Structures are given as structure tokens and as C-alpha cells.
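Observations on the model geometry
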Amino acid sequence: MNQAVGWATAAARAPGIVKTGFVHRDTDQAIEKLAGSLGDDLLSLVILFVSSGADAAAVISAAVDAFAPTPVIGCTTAGELADCGYGEDQIVAIGLPSSHFEVRTLLVPDLGNFSAQDIIDQMIRNRNEMAASAPDWKHEFSFLMIDGLSTKEDALTSELAVGLGPVPLFGGSAGDGTRFGATYVLMDGQAMQNAAILTQVRTRCAIKVFKTDHLVPTERRMVVTKADPANRIVQEINAEPAAREYARLLGKDPEQLTTFTFAAHPLVVQIGGQHHVRAIQRVAGNGDLVFFSAIDEGLVLTLAEPRDMVSHLEAEIAALTQTTRPDTILGCDCILRRLEAQEKQKTGEISRLLAENHVVGFSTYGEQFNSIHVNQTLTGVAIYPPEDG
């Protein structure tokens, strides 16, 4: 597959319910071309997924002008899910037409200092307003974008659960390629760190929020015996230096642990009868392991092994398309899945599946699903044509 197709200029498929556009980050007048791709429909919201190689502040500033009066939100990425499947160095635009979507956005400007009750109260007010505005539309979902280096995803997601009621939530943590330097969420014409954006949606379209991974827990377990939970650092596993013990259990040299190793040999925890990945981000210089999500002393970690990514994704998409083909699937796909696909030379096959099923979104530093922050998953919402036609 030629993944360069559609990169040089804005590209869009035949008109659907959800509007999409794609440009290379270095395209002249990129935002204007994206605006052209989204068409003339009145939009409730524009969402941008912006390559970390772009100037995020300049992108959101230009987008506010180009799409006015439609509100624009977004985040930086660890790669994009575009018209070609897995993309790099792109800006992806998604437009939600007012004819099908009622939207409210809520900014959490400082993840180190927020009132959970104030956020919950606003979430409830937003739901009531949307129900009054579109009483005949019965479907709802919430979408969260959050600074992927804030280490606050677990805390915020668990707090939001109280305000969700029966509404499903999914989301992704903003990325910075494989650099892990700085990640941003975009709103009100600004690129912000240590912040999050919650989008609440009411729609006439049927929807299905989902979470999937291709991992199978093994019988090999280990215990975190020393940790720095605030910084998601594990210092000892089984009372041994963390990286060295993890490598020993894999039969590998500690000096040869890489991001590809972590993607191929993830660790999971059991919560409520289900496994959730606690992915390793990197090895610190002193041999500690830095994780993408919450970690604590006494936690039992289980080594997991991956199934075939392609056949698993085929089955998951088949389940989403069993009765009706989605108009669009908005997805948040962990960077570790992308890296595993690269390592196993599956990128082309995965990209074909994503593109054929109009999966658009971004590669993340972590994902959210209802009240839990997770890793190495694909979370998202399948948006179907409305039952009323």
C-alpha cells in the first residue's frame, strides 16, 4: 500500500455523515485545505489530530479562524489514523455535522488542581441541555483527550466516572511521536499542557463504544516490591532491580530492552475479571521501569503474549460491522500497537483494514475506557447511519 497517497493535499472520501480531511503537516495553507475537505455543512465541532512535528499552537490558531464559528479542539499525536491507515506527519480533521450531532466541550485547564465536583456538575448540566435541545436523539458518548505526559489520566478518568451516568466514555492521551518530550491538547485557540478536554456528544446516529486488545495473559506473574506511584516508576520487581528482573523473566539481556520489547511482552493486571495493560514506556538510566499508567507497590503483574494483530483486528471490525457498516470509526490506538506492527512487518495489513473501514483518529500514549486508563489497546466509537434514515 502506498501510504503517501493523500498526504500532499487534503483528501476526503465520498460524502458521509462524519466529515474528514487529511493533509501533510508541511502542506501550504494546510488548514484552509482541511476546511475545504470538510465541506459546507454546518458543523457542531471540528476535531484535529496534529502530528507532533507540526507547530501545534500555530495549527489551532489558524483553525479557529478557518472554521469559525464552529469550535475546534484537538491534540498532538504519536502518529495518525488517516485515509491511508497508519499515517505519519499528518493533520487529520474530523467534522461532526449539526444535522446529526449535538456537542458540548469541557476544558480541564490544570490537571494538578481541579474540582471533580465542579466538573461532574457541568457534565450533568451539559447532558440536560443536550437532551432538551435534541429530545428525539437517543444516543450519547463522551470523548476525552488528555496530556499524555501529565501522569494524571488515571486520576481524572476515575473522577469523571461519577458524572458519566449511563454514557460510555473513550479517549486517548496526546502524543509526541516516539520522543516523549511534550504533548498538547488544543482548544480556544491555544495549545495547552497538563490539561484535558472532555467532549460530550448526543446524536441521532446509533453508536458503539468499544475497547479491544490482542493480548493473552500467561501464567508468568511478578510482584511490584518497590515503586514511586506518583511518577509511575517501578524500582523493584520480586525484590530485584526492575529492568533486570523483567529482562530475566523474558530471557533477555537488560541492556537490550527496547520499546519493541515492551510492545511484544506487555504486562497486565486483573481488574474485575478482565485484564488491563500496564505498559512500560522506557527504562530509566538507573534501571527503573517507567510506565504509561498507574502502578503501585504490591501490584501483581502478569506477562501477556500477543495474538496475531491482523486476524484479531479483522475479527473485531467484523463484530462492529456485523449488522450495519459504520459510517466512521473514531479510534484511539496505542503507540505500542503501531510499534508492534512495525516490528512484525504488519503495518501494511493493519493500515489496509483501518482504511477500508474508515477508522480515523490518532496513535496515543494511553487510552481511556469508561472509568479506567489503559494501555496497548484500541478504543473508540463506531458511528452508524441513523435508524431514521
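In short, a report on the structure. (Residues numbered from 1 in each chain as written. Predicted model: local features only at pLDDT ≥ 70, side-chain atom pairs only at ≥ 80, totals over all residues. Heavy atoms only, no water.)

Our focus in this paragraph is the overall build of the protein. Check the secondary structure of the protein and you find nine helices and 26 strands. Against the globule reference of 21 Å for 389 residues, the protein gives a C-alpha radius of gyration of 20 Å, in line with a compact fold. Along the first, second and third principal axes, the C-alpha set of the protein runs to 60 × 50 × 40 Å. Within the span of the protein, comprising 389 residues, buried residues form 56% of the whole. Taking contacts inside the protein between residues at least 6 apart in sequence as the whole, the part at least 24 apart equals 80%. As displayed, the protein has an accessible area near 15000 Å², and 48% of this comes from carbon and sulfur atoms. (Helix = DSSP H or I, 4+ residues; strand = E, 2+ residues; numbered from the N terminus. Rg over C-alpha atoms; globule rule 2.2 N^0.38 Å. Buried < 20%, exposed > 50% of the residue type's maximum accessible area, 1.4 Å probe, protein only. Contact = heavy atoms within 4.5 Å. Areas by Shrake-Rupley, 256 points an atom, 1.4 Å probe, with all protein chains shown as cover.)

All right, on to the nonpolar core then. In summary, soluble globular proteins display a tendency toward joint burial of nonpolar side chains. Counting residues in hydrophobic clusters, the biggest one holds 35 residues, and the most contacted among them are Phe49, Ile94, Phe101 and Met145. Each residue touching Phe101, except ones within four places of it in the same chain, is listed here: Ile17, Val18, Ser44, Leu96, Trp137, Val201, Arg202, Thr203, Cys205 and Ile383. Formed by 20 residues, the second largest nonpolar core is a distinct cluster that contains Ala242, Ala243, Phe262 and Ile295. (Core = buried A, V, L, I, M, F, W, Y, C linked by side-chain atoms within 4.5 Å.)

So, about the pairing of strand 14 (residues 215-228). In terms of strand pairing, strand 14 meets strand 21 (residues 300-306) through six bridges, oriented antiparallel. Bridging across to strand 21, Pro217 finds its partner in Ala304. Where strand 14 lies against strand 15 (residues 233-237), four bridges are found, and the strand directions are antiparallel. Bridging from a neighbouring strand, Val224 pairs with Ile237 of strand 15. (Pairing = 2+ DSSP bridges.)

Moving on, we come to the environment of Cys205. Tracing the sequence through the fold places Cys205 in the loop between strand 12 (196-203) and strand 13 (207-212). Between the alpha carbons of Cys205 and Val290 there is a distance of 40 Å; along the sequence they are 85 residues apart. Contact partners of Cys205, with chain neighbours within four places excluded, come to Ile17, His100, Phe101, His139, Ile383, Tyr384 and Pro386.

A few words now on the side chain of Thr377. Relative to the helices and strands, Thr377 resides in the loop between strand 25 (372-374) and strand 26 (378-383). On the basis of relative accessibility, which here comes to 1%, the residue Thr377 falls in the buried class. Within polar-contact distance, the side chain of Thr377 engages the side chain of Glu367 at 2.8 Å. If near-sequence neighbours (up to four positions away) are discounted, Thr377 is found in contact with Lys211, Thr212, Asp213, Cys332, Asp333, Cys334, Arg337 and Glu367. (Polar contact = N/O pair within 3.5 Å; in protein donor to acceptor, adjacent residues only side chain to side chain.)

Right, let's talk about helix 3 (residues 116-133) for a bit. Counted at 1.5 Å a residue, the expected span for helix 3 with its 18 residues is 26 Å, and the 26 Å between its end C-alpha atoms agrees. Along helix 3, the positions that sit buried rather than exposed are Ala116, Ile119, Ile120, Met123, Asn126 and Met130. Down the axis of helix 3, the smallest arc covering the buried residues is 120 degrees, so these residues share one side. For helix 3, exposure combined with an orientation more than 90 degrees from the buried face picks out Asp118, Asn128 and Ala132. Against strand 7 (101-108), helix 4 (153-164) and strand 12 lie the buried residues of helix 3. (Expected span 1.5 Å × (residues − 1). Arc of directions from axis to C-beta.)

Keep in mind these values describe shape, not function.
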